[in-house]
Amino acid sequence: MNLAKVSANGQITVPVEIRRALGLQSGDKVLFWSNQDGEIVLKNASAASTGETKLPGEEGETSQRGK
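Here's what I pulled together on the structure shown here. (Residues numbered from 1 in each chain as written. Predicted model: local features only at pLDDT ≥ 70, side-chain atom pairs only at ≥ 80, totals over all residues. Heavy atoms only, no water.)

### What to know about the environment of D28
Heads up, the rule is: A run of H or I in DSSP counts as a helix once it spans at least four residues, and a run of E counts as a strand once it spans at least two, with each numbered from the N terminus. For every residue, the accessible area (1.4 Å probe, protein chains only) is compared with the maximum for its type, and the residue is labelled buried under 20%, exposed over 50%, or partly exposed between those bounds. We call two residues in contact when some of their heavy atoms are within 4.5 Å. Polar contact is the term for a pair of N or O atoms within 3.5 Å; when the atoms are in protein, one must be able to donate a hydrogen and the other to accept it, and sequence-neighboring residues count only if both atoms are side-chain atoms.
Counting through the fold element by element, D28 comes out in the loop between α1 (16-22) and β1 (30-34). In this structure D28 comes out as partly exposed when scored by relative accessible area, which is 28%. As for D28 and S46, which are separated by 18 residues in sequence, their C-alpha atoms are 5.5 Å apart. When residues no more than four places from it in sequence are discounted, the contact partners of D28 are G23, N44 and S46. A distance of 2.7 Å separates the side chain of D28 from the backbone nitrogen of Q25, its partner in a polar contact. There is a polar contact of 3.5 Å between the side chain of D28 and the side chain of N44.

In structure tokens, the structure reads:
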């Protein structure tokens, strides 16, 4: 489990373990959405735009869940 603090500007630092798991690099965009169970899910949107990962609702979608 990882913890991040929200700044006064609404920003967080994504923990290094999560950045590695999602393949996030400086400048990448992150996609957030709520799934059917009410959990907040995030994906590397930059990887999704290159076809490396599926977006929500796409067939064969797998997700990294924020906890």
